[in-house]
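Single-letter residue listing:
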Amino acid sequence: MANPHSEVAMIVSSLQFLTSDATYHDLALRCQEYLHYRQGWVDQRELAEDMLFNLLVEYLVEAGVPRPAAEQFCTDSDNLTELAMRISSTLGPVVA
């Protein structure tokens, strides 16, 4: 019979690994910032947009999308906003 304490420790360890993954944390944080600053000062909005753009392009390229197609897709602010909203609703709020 398996030790229930070791099973719990393994589950907790797995959850910590998943929730501490820097890529998802950074992605969720950048989406949150982008959505927050959309109506803010121009410099804040542009910085948040640039950071999210760069991160999403790299994420899409790593997922197999050719860089020119990823950049073209993310250049459209409607696409960027929709992705940010979907990612935020999926990954949830992040504390910086």
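Everything quoted here is computed from the prediction, not taken from an experiment.

Novice: Explain the overall build of the chain to me, please; I cannot follow it from the model alone.
Specialist: Within the chain, the regular secondary structure consists of 5 helices and 0 strands. Ordered by position from N to C terminus, the α and β elements of the chain give α-α-α-α-α. A burial count over the chain gives 22% of its 96 residues as buried. Intrachain contacts of the chain at a sequence separation of at least 6 include 58% that bridge at least 24 residues. Surface accessibility of the chain: about 7,000 Å² in total, with carbon and sulfur atoms responsible for 59%.

Novice: When you look at helix H3 (residues 42-62) in this model, what are you seeing that I'm missing?
Specialist: Working note: α-helix, 3.6 residues per turn, so residues spaced by three or four point in the same direction. Helix length check: H3 (21 residues) gives 30 Å between terminal C-alpha atoms against 30 Å at 1.5 Å per residue, within 8%. For H3, every residue scored as buried is listed here: Ala48, Leu52, Leu56, Val57 and Leu60. Looking down the long axis of H3, one finds its buried residues gathered within 160° of arc, a one-sided arrangement. Exposed side of H3, more than 90 degrees from the buried face: Asp43, Leu47 and Glu62 are the residues found there. Positive phi shows up at Gly64, right after H3, with a value of about 110°.

Novice: Honestly, the environment of Leu60 in this entry has me stumped. Any pointers?
Specialist: Residue position: Leu60 is located in helix H3. On the accessibility criterion, Leu60 (19% relative accessible area) is buried. Along the primary structure Leu60 and Phe73 are separated by 13 residues, whereas in three dimensions their C-alpha atoms are 9.8 Å apart. Beyond its immediate stretch of four places on either side in the chain, Leu60 contacts Val65, Ala70, Phe73 and Cys74.

Novice: What should I look at first to understand the packing of H3 against helix H5 (residues 77-91) in this one?
Specialist: The packing of two helices is summarised by the inter-axis angle and the distance between the axes. It is at 11 Å that the axes of H3 and H5 come closest, and there the two elements cross at 80°. Classified by the angle between their axes, H3 and H5 sit roughly perpendicular to one another. For the pair formed by H3 and H5, the contact residues are Glu49, Leu52, Phe53 and Leu56 on the first element and Leu80, Leu83, Ala84 and Ile87 on the second.

Novice: Quick question: what am I supposed to make of a nonpolar patch on the surface here?
Specialist: A surface patch of nonpolar side chains, about 270 Å² in accessible area, is lined by Tyr24, Tyr59 and Leu91. Looking at where Tyr59 falls in the secondary structure, it is placed in helix H3.

Novice: Teacher, can you tell me more about the nonpolar core here?
Specialist: Most often, soluble globular proteins have nonpolar side chains that are buried together. By size, the foremost hydrophobic cluster in this structure holds 12 residues: Leu27, Cys31, Tyr34, Leu52, Leu56, Val57, Leu60, Ala70, Cys74, Leu80, Ala84 and Ile87. Once residues within four sequence positions are removed from consideration, Ala84 is found in contact with Cys31, Tyr34, Leu35 and Leu52.

Novice: Quick question: what am I supposed to make of the confidence of the model for the chain here?
Specialist: When the pLDDT values of the chain are averaged, the result is 79; 74% of them are 70 or greater. Across the chain, the secondary-structure element scoring lowest on mean pLDDT is helix H1 (residues 4-19), at 50, and the one scoring highest is helix H4 (residues 67-75), at 93.

What counts and how
Residues numbered from 1 in each chain as written. Predicted model: local features only at pLDDT ≥ 70, side-chain atom pairs only at ≥ 80, totals over all residues. Heavy atoms only, no water. Helix = DSSP H or I, 4+ residues; strand = E, 2+ residues; numbered from the N terminus. Buried < 20%, exposed > 50% of the residue type's maximum accessible area, 1.4 Å probe, protein only. Contact = heavy atoms within 4.5 Å. Areas by Shrake-Rupley, 256 points an atom, 1.4 Å probe, with all protein chains shown as cover. Expected span 1.5 Å × (residues − 1). Arc of directions from axis to C-beta. Axes fitted to C-alpha atoms, helices over the stretch in contact; angles between N-to-C directions. Parallel < 35°, antiparallel > 145°, perpendicular 65-115°, else oblique. Patch = residues over 30% accessible without salt bridge, like charges linked within 9 Å, V, L, I, M, F, W, Y side chains within 5 Å. Salt bridge = Lys/Arg side-chain N within 4 Å of Asp/Glu carboxyl O. Core = buried A, V, L, I, M, F, W, Y, C linked by side-chain atoms within 4.5 Å. pLDDT = per-residue confidence, 0-100.

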